[in-house]
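Coordinates in review
Letter by letter, the chains look like this.
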Amino acid sequence: MVKIIAEIGINHNGSIEECKKMIMLAKVSGCDYAKIQKRNPDVCVPEHQKSVMRKTPWGEMTYLEYKYKLEFSEEQIKELCDFSKNIGIEFFASVWDLDSVVLMSKYTKIAKLGSASINDLELCRATRAAFDFVIISTGMSTEEEIEAAVEAAKPDVIMHTNSTYPCPSEDLNLRYIEYLKTKWGDKMEVGYSGHEYGLVTTYAAVAMGSTWVERHITLDRESWGSDQKASVEPDGLFKLVKGIRSIEKAIQFEPGPRKQFEGENLKKNSLRK
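Read on for a plain summary of the structure. (Residues numbered from 1 in each chain as written. Predicted model: local features only at pLDDT ≥ 70, side-chain atom pairs only at ≥ 80, totals over all residues. Heavy atoms only, no water.)

Notes on the pairing of strand β4 (residues 59-62)
Here strand β3 (residues 53-56) runs beside β4; their pairing, made up of 4 bridges, is antiparallel. The partner of methionine 53 across the bridge, within β4, is threonine 62. (Pairing = 2+ DSSP bridges. Helix = DSSP H or I, 4+ residues; strand = E, 2+ residues; numbered from the N terminus.)

Written out as structure tokens, the structure is:
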């Protein structure tokens, strides 16, 4: 069965209650996982960006202060993990730095390395050592960078991604999924993390053999944040899950001679001479 990740990311805007609403949305829509991003802003924000002023919903502040507004404390992470467990959905995070690896590994055994992080080979190795199950995305990367990340992280899932937010259809390059399956399919599962408008191309990724799917979710695309426009709203998430489950049924049989099904045999009896 295709595993579906509802990527909350930073669309919660630092609100644990909004995050819980999105975790619940992921659960009731039928997703398998709910995911956020976890980082230590002191480590992840470039020095030249830390003091840059930015207008935010909380007023004007430095970029570093803004990034801290989006982060949950360890106590809040534990609360979110407990909440997810209680409603029956697995919760995890994309880890952006070594501090986040240490923190998240206390509460979950699965982690993701996002496209922006896979060139950090120390982080790749630390993530592999700390977690039982590792996913990587391949956006914004050269083939050589991906090969190095695979060697360091030894992922269980490798995801095709285009890191444009939102990504135009002509840049999705979905047939790279076929390339990944040929190159790595005997060693790991191949998935798709989409940042496009709409659902149709994500359905296509499933039909092409992706066994993991990730899409950003939001309660409202008009909310504050850089990821909101490329995210799926609640009604779209229900459609996404339903569509993926239908595609799974439609492609369940291995290639081979044509099968005849009971329904069409009834029509055969009534229509053929």
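Observations concerning the environment of asparagine 162
Counting through the fold element by element, asparagine 162 comes out in the loop between β8 (157-161) and α9 (176-184). The spacing of asparagine 162 and valine 102 is 60 residues in sequence and 28 Å in space, taken between C-alpha atoms. Setting aside chain neighbours within four positions, we find asparagine 162 in contact with Cys167, Asp171, Ser193 and His195. Looking at asparagine 162, its side chain comes within polar contact range of the main-chain oxygen of aspartate 171, at 2.9 Å. (Contact = heavy atoms within 4.5 Å. Polar contact = N/O pair within 3.5 Å; in protein donor to acceptor, adjacent residues only side chain to side chain.)

Structural notes on the packing of aromatic side chains
The full count for this structure, using the stated rule, is 8 aromatic pairs. Between tyrosine 63 and tyrosine 66, the ring centres sit 5.9 Å apart and the planes meet at 40°, which makes this aromatic pair tilted. Taken together, the positions of tyrosine 63 and tyrosine 66, both in helix α4 (residues 63-69) and 3 residues apart, correspond to about one turn of that helix. By the burial criterion, tyrosine 63 is buried, and tyrosine 66 matches it. Their ring planes at 20° and their centres at 5.5 Å tell us that tyrosine 176 and tyrosine 179 sit as a pair that is stacked. Within this pair, tyrosine 176 and its partner tyrosine 179 are both found in helix α9, separated by 3 residues, close to a single helical turn. Classification of tyrosine 176 by relative accessible area gives buried; the value is 13%. The structure contains a cluster of three or more aromatic residues connected by ring pairs, namely Tyr33, Phe92, Phe133 and Trp212. The residue whose ring lies beneath arginine 39 is tryptophan 96, and the NZ or CZ to ring-centre distance is 3.9 Å. (Phe/Tyr/Trp six-rings, centres within 6.5 Å; stacked < 30°, edge-to-face > 60°. Buried < 20%, exposed > 50% of the residue type's maximum accessible area, 1.4 Å probe, protein only. Lys NZ or Arg CZ within 6 Å of the ring centre and 35° of its normal.)

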